[in-house]
Amino acid sequence: MPTTALPGALRGRVFRGTDVVRRGLLTPARLRGPSCRRVFRDVYVDARVPDSHRLRARAAARLLLPGAVVSGASAAVLWGVELADERDDVELVLPPGSHPRRVPGVRVRRLALDPADVRVLDRVRVLSPAAATVRAAALLDGDEAVVAIDRMVAAGVVDLATLRARVAPPGAAADRVRRACLRADGRAESPQETRLRLLVVGAGLPAPVAQHVVTHGGRFVARVDLAWPELRVAVEYDGAWHAEPGQFARDRRRLNALQAAGWTVVFVTAADMREPAQVLATIRTALRR
């Protein structure tokens, strides 16, 4: 923990080391001391500020490479969707012909951007949600591209129909991005729910309805992750939050209500997802019943 507070102008702030030394706010020794934490070359932050991808993306775009546009997963983070964390490189875009120096922790691409795709978010230039989603999907493989799209749509920062229309024209996006947009549905409430849905559909099982609302006798019973309403079969992803205090009892009451309404419920955990063949076999058995 820092032992000496920073000057008021630097508290809770990100700053250039050479700038604050020149202005006499810190000495080089203080800059290297416990009050500051190095983010990038010559870029520091008040050591009390937690590390995050958001902090790194903003620092890189404002101080390290002024004029750069935050792109891809980094842009998604600035729009409030955590597609990257502090361990991931910050993604920036500069105009063609730029020659930035290499900086560890920053990945720079030279692209000509449509001005309509560039927004200013709290003094940082960032790709629009739709452009950021397409860029993030282009840098991910297979199911993970679909996961990213689902998360952006579910967060409400981009509309799936708008996204599909954007990538539909020939040459507007790579074929795999177009396929990922078609495979997304934007309803999953977690990445694992998307992966589970893709596993089911990829195995040739009938397409389930995501986030289906179950009613019985005209009354709400539950909303389930995946459902085959005509068969009254539901699949629920059992995440870590289900272990929270009191959650077990609530889950049991919910399961009892679903069973009383005539539904069969299959629960899938993170451990189960490591054995996809077994997960599919269990779901197939439930559907046959």
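Before any of the text, the structure's been laid out above.
Residues numbered from 1 in each chain as written. Predicted model: local features only at pLDDT ≥ 70, side-chain atom pairs only at ≥ 80, totals over all residues. Heavy atoms only, no water.

Some remarks on the overall build of the protein chain
Right, on to step 1. Counting secondary structure elements, the protein chain contains 11 helices and 12 strands.
Right, on to step 2. For 289 residues, the compact-globule estimate of 2.2 N^0.38 gives 19 Å, and the C-alpha radius of gyration of the protein chain, at 24 Å, exceeds that figure by more than 25%.
Right, on to step 3. Once the C-alpha set of the protein chain is aligned to its principal axes, its extents read approximately 75 × 50 × 35 Å.
Right, on to step 4. Relative to its full complement of 289 residues, the protein chain shows a buried share of 44%.
Right, on to step 5. In the protein chain, the proportion of contacts linking residues at least 24 apart, taken out of those at least 6 apart, comes to 55%.
Right, on to step 6. With the model as given, the accessible surface of the protein chain reaches about 15100 Å², and the carbon-plus-sulfur share is 52%.
Right, on to step 7. Between the averaged position of the 46 positive side-chain charges in the protein chain and that of its 30 negative side-chain charges there is a distance of 6 Å. (Helix = DSSP H or I, 4+ residues; strand = E, 2+ residues; numbered from the N terminus. Rg over C-alpha atoms; globule rule 2.2 N^0.38 Å. Buried < 20%, exposed > 50% of the residue type's maximum accessible area, 1.4 Å probe, protein only. Contact = heavy atoms within 4.5 Å. Areas by Shrake-Rupley, 256 points an atom, 1.4 Å probe, with all protein chains shown as cover. Lys, Arg positive; Asp, Glu negative; His and termini not counted. Charge placed at Lys NZ, Arg CZ, Asp CG, Glu CD.)

Describing the pattern of salt bridges
Right, on to step 1. Applying the stated criterion to the full structure yields 17 salt bridges.
Right, on to step 2. With a closest N to O distance of 3.4 Å, Arg107 and Glu91 form a salt bridge. Remark: Glu91 occurs in strand β5 (residues 90-94) and Arg107 occurs in strand β6 (residues 106-110); sequence separation between them is 16 residues.
Right, on to step 3. The class for Arg107 is partly exposed, based on a relative accessible area of 29%.
Right, on to step 4. Note on Glu91: relative accessible area 8%, which makes it buried. (Salt bridge = Lys/Arg side-chain N within 4 Å of Asp/Glu carboxyl O.)

Topic: unusual backbone geometry
Right, on to step 1. Despite not being glycine, Arg123 has its phi angle at roughly 70 degrees, a positive value.
Right, on to step 2. Of note, Arg123 is situated in the loop between β7 (118-121) and β8 (124-127).
Right, on to step 3. For Arg232, which is not glycine, the phi torsion reads 55 degrees and is therefore positive.
Right, on to step 4. Topologically, Arg232 is positioned in the loop between β10 (219-228) and β11 (233-237).
Right, on to step 5. You can call Arg232 partly exposed: its relative accessible area is 41%.

As for the sheet that holds strand β2 (residues 36-40)
Right, on to step 1. With antiparallel pairing, three strands are arranged side by side in an open sheet as β1-β3-β2. Of all strands in the sheet, those bounded by a partner on one side alone are β1 (14-16) and β2. Direction aside, the axes of adjacent strands within the sheet are offset by 35 degrees on average.
Right, on to step 2. Alignment of β2 against strand β3 (residues 43-46), held across four bridges, turns out to be antiparallel. Looking at the pairing, Cys36 lines up with Asp46 of β3.
Right, on to step 3. Lying over the sheet, helix α3 (residues 53-64) contacts β1, β2 and β3, oriented at roughly 75 degrees with respect to β2. (Pairing = 2+ DSSP bridges. Axes fitted to C-alpha atoms, helices over the stretch in contact; angles between N-to-C directions.)

Regarding the packing of aromatic side chains
Right, on to step 1. Applying the stated criterion across every chain, the model contains one aromatic pair.
Right, on to step 2. Pairing Phe15 with Tyr44 gives two aromatic rings, centres 6.5 Å apart and planes at 20 degrees, and the pair type is stacked. A residue pair is termed long-range when its members are at least 10 positions apart, and Phe15 in strand β1 and Tyr44 in strand β3 qualify at 29 residues. Across the pair, Tyr44 and Phe15 agree in class, each one buried.
Right, on to step 3. Here the guanidinium or amino end of Arg56 rests over the ring plane of Phe40, the centre of that ring lying 6.0 Å away.
Right, on to step 4. A cation over a ring is seen here: Arg252 above Phe267, with NZ or CZ 5.9 Å from the ring centre. (Phe/Tyr/Trp six-rings, centres within 6.5 Å; stacked < 30°, edge-to-face > 60°. Lys NZ or Arg CZ within 6 Å of the ring centre and 35° of its normal.)

Structural notes on the environment of Ala116
Right, on to step 1. By the element assignment, Ala116 lies in the loop between β6 and β7.
Right, on to step 2. Note on Ala116: relative accessible area 53%, which makes it exposed.
Right, on to step 3. In sequence terms Ala116 and Val39 are 77 residues apart; their C-alpha atoms lie 31 Å from each other.

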